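Secondary and tertiary structure notes
In case you want the letters, here they are:
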Amino acid sequence: MANRDQATRHRQPPAGRLLDDVSSYLAWIPNGGYKGFYSHNTTTLTPKVVNDIHKRGGTIIGTSRGGHDTAKIVDSIQDRGINQVYIIGGDGTQKGAAVIYEEIRRRGLSVVVAGIPKTIDNDIPVIDKSFGFDTAVEEAQRAINAAHVEAESMENGVGVVKLMGRYSGFIAMYATLASRDVDCCLIPEFPFYLEGNGGLFEFMERTLKENGHIVIVIAEGAGQELLTEDRRDEKDASGNRLLKDVGLWISHKIKEYFVARRRWTINLKYIGPHSRPDDPTYMIRAIPSNASDNVYCTLLAQSAVHGAMAGYTGFTSGLVNGRLTYIPFYRITERQNKVVITDRMWAQMPSSTNQPSFMNTKDVNEAKKEEGPQAQLLDGENCKDKSS
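Described in the following lines is the structure provided in the data block. Values in this document were obtained by computation on a predicted structure and should not be read as measured data.

Side note on the nonpolar core
- Ranked by size, the top nonpolar core spans 57 residues in total, and within it Leu186, Met204, Ile250, Ile254, Phe258 and Trp346 carry the most contacts.
- Elements represented by at least two residues in this core include exactly α5 (133-152), β6 (157-163), α6 (170-179), β7 (184-186), α7 (200-211), β8 (213-219), α8 (246-261) and β9 (267-271).
- Per element, the largest residue contribution to this core is eight residues, and it comes from α5.
- Not counting chain neighbours up to four residues away, the residues in contact with Ile250 comprise Val160, Leu186, Phe192, Leu194, Leu200 and Ile218.
- Of all hydrophobic cores here, the second largest spans 18 residues; its members include Trp28, Phe37, Ile77 and Ile82.

Things to note about the packing of helix α3 (residues 70-79) against helix α4 (residues 91-107)
- Direction vectors running N to C along α3 and α4 enclose 60 degrees, while the axes themselves pass 10 Å from each other. Considering the angle they form, α3 stands oblique to α4. Every pair of crossing elements has a handedness; the one defined by α3 and α4 is right-handed. For the pair formed by α3 and α4, the contact residues are Thr70, Ala71, Ile73, Val74, Asp75, Ile77 and Gln78 on the first element and Val99, Ile100, Glu103, Ile104 and Arg107 on the second.
- Grouping the constituent residues of the contact of α3 with α4 by class yields seven nonpolar, two polar and three charged.

Notes on the pattern of salt bridges
- This structure, assessed with the given rule, holds 11 salt bridges.
- Close ionic contact of Arg106 with Glu103 constitutes a salt bridge, the shortest N to O distance being 2.7 Å. Taken together, the residues Arg106 and Glu103, both in helix α4 and three residues apart, mark about one turn of the helix.
- Judged by its relative accessible area of 61%, Arg106 is exposed.
- Members of the salt-bridge network, linked through shared partners, are Asp75, Glu103, Arg106 and Arg107.

Focus on a nonpolar patch on the surface
- A contiguous nonpolar surface patch, about 310 Å² in accessible area, is contributed by Val49, Val50, Ile53, Ile60 and Ile61.
- Topologically, Val49 is positioned in the loop between β3 (42-45) and α3.
- Accessibility expressed as a relative area gives 32% for Val49, which makes it partly exposed.

Describing the packing of aromatic side chains
- Within this structure, the stated rule accounts for 12 aromatic pairs.
- Between Phe201 and Tyr257, the ring centres sit 4.5 Å apart and the planes meet at 20 degrees, which makes this aromatic pair stacked. Residue Phe201 is located in helix α7, and its partner Tyr257 is located in helix α8; the two are separated by 56 residues in the primary sequence. This pair shows no difference in class: Phe201 is buried, exactly as Tyr257 is.
- With a centroid separation of 6.0 Å and 75 degrees between ring planes, the pair formed by Phe201 and Phe258 is classed as edge-to-face. Here Phe201 is found in helix α7, whereas its partner Phe258 is found in helix α8, with 57 residues between them in sequence. An identical accessibility class is assigned to Phe201 and Phe258; each is buried.
- Grouping aromatic residues by their ring pairs yields a cluster made of Phe190, Phe192, Tyr193, Trp346 and Phe358.

Some thoughts on unusual backbone geometry
- Here the phi dihedral of Asn122 falls at roughly 60 degrees; this positive angle occurs in a residue that is not glycine.
- Within the secondary structure layout, Asn122 lies in the loop between β5 (112-117) and α5.
- By relative accessible area, which is 4% here, Asn122 ends up buried.

Considerations on the sheet that holds β7
- Pairing within the open sheet is parallel, and its four strands lie in the order β7-β8-β6-β9. Bordering the open sheet on either side are β7 and β9, each of which pairs with just one other strand. Neighbour-to-neighbour, the strand axes of the sheet open up by a mean angle of 15 degrees, direction not taken into account.

Points about α3
- If you check which residues of α3 are buried, you get Thr70, Ile73, Val74, Ser76 and Ile77. Taken end-on, α3 shows its buried residues confined to a sector of 155 degrees, consistent with a single buried face.
- The backbone nitrogen of Ala71 lies 3.1 Å from a side-chain oxygen of the residue at the head of α3, namely Asp69.
- Phi turns positive one or two residues past the end of α3, at Gly81, with a value near 70 degrees.

Thresholds applied
- Residues numbered from 1 in each chain as written.
- Predicted model: local features only at pLDDT ≥ 70, side-chain atom pairs only at ≥ 80, totals over all residues.
- Heavy atoms only, no water.
- Core = buried A, V, L, I, M, F, W, Y, C linked by side-chain atoms within 4.5 Å.
- Buried < 20%, exposed > 50% of the residue type's maximum accessible area, 1.4 Å probe, protein only.
- Helix = DSSP H or I, 4+ residues; strand = E, 2+ residues; numbered from the N terminus.
- Contact = heavy atoms within 4.5 Å.
- Axes fitted to C-alpha atoms, helices over the stretch in contact; angles between N-to-C directions.
- Parallel < 35°, antiparallel > 145°, perpendicular 65-115°, else oblique.
- Left-handed = near helix turned anticlockwise from the far one by under 90°.
- Nonpolar A, V, L, I, M, F, W, Y, C, P; charged D, E, K, R; others polar.
- Salt bridge = Lys/Arg side-chain N within 4 Å of Asp/Glu carboxyl O.
- Patch = residues over 30% accessible without salt bridge, like charges linked within 9 Å, V, L, I, M, F, W, Y side chains within 5 Å.
- Areas by Shrake-Rupley, 256 points an atom, 1.4 Å probe, with all protein chains shown as cover.
- Phe/Tyr/Trp six-rings, centres within 6.5 Å; stacked < 30°, edge-to-face > 60°.
- Pairing = 2+ DSSP bridges.
- Arc of directions from axis to C-beta.
- Polar contact = N/O pair within 3.5 Å; in protein donor to acceptor, adjacent residues only side chain to side chain.

Laid out in structure tokens, this is it:
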């Protein structure tokens, strides 16, 4: 964020000047997410403060879920004389940025609002990928490798790994394709069933007989419709549906089927919450970004600043077809990015894992209907600040 005292109200300096003389601008960050604008202290950013933050995991500014007051946020922006606001986060954060932008626009303030897509889930639409996704996939390999080593070392070894992915299964899908050690990948977009012809248990039984072990990767949002206890009406502070631990549930179901009913001896290792302290779903968020994400984040940040200095507002900076673009907030927030199970990327999964499709013709047709039209960036409007 840049203080208005350091720049004229109606005429922004060229982008090059900001990059050449950073010390002439005052930048600060609210602590604790959106609520930090009005309920927490702020931190002043200097080159020394941010010198090595790319080598750390987590966040130096804190975070929070939902419950913010848009009017108070914009009041704080107005009272502090801020003329540039850069908001970093996932789909929920970008929706918040869009609301803040609309309130600023309603008040007629000369304030730029720009978003930077940072989420490991890769569930922001339009863009090629979000910052943090590559690191998440790379770190997920450690959990999968651990499960594979454990499963392979025992008779009828079963390794179950739960990864992040509330509504979108990109981490699980890419980690599975990269690993080549996974026998079955289950994601929210991909319906599956446990028993019966072509079900998960039948596939597991066949794989255990052939290979002596099996590794299953499951995203946290997969199979929620199969869980007996209905929590669909319960939501967190951000409005997200509360999920049951599908990894723990499926582990119990596997033991119940093979041990209690089939009288098999299996050795199951569940890498997830309630089983070991190094839960991979949160290990992923705690590590520093890898080299690929470091470069990508730099490009996104510089692009957002250039856009603000050029007079644009109400946009998110992101790569589209390999090119840096400025995407209006309403295009970013109109839907979530999800794995298309009728697309070529998911079609590679059976050749990698040999898993069953779990789908009949009706399921495939329904999936195609739900895909919907691809969002288009240009429709005769852009996100140029018409007040400038």
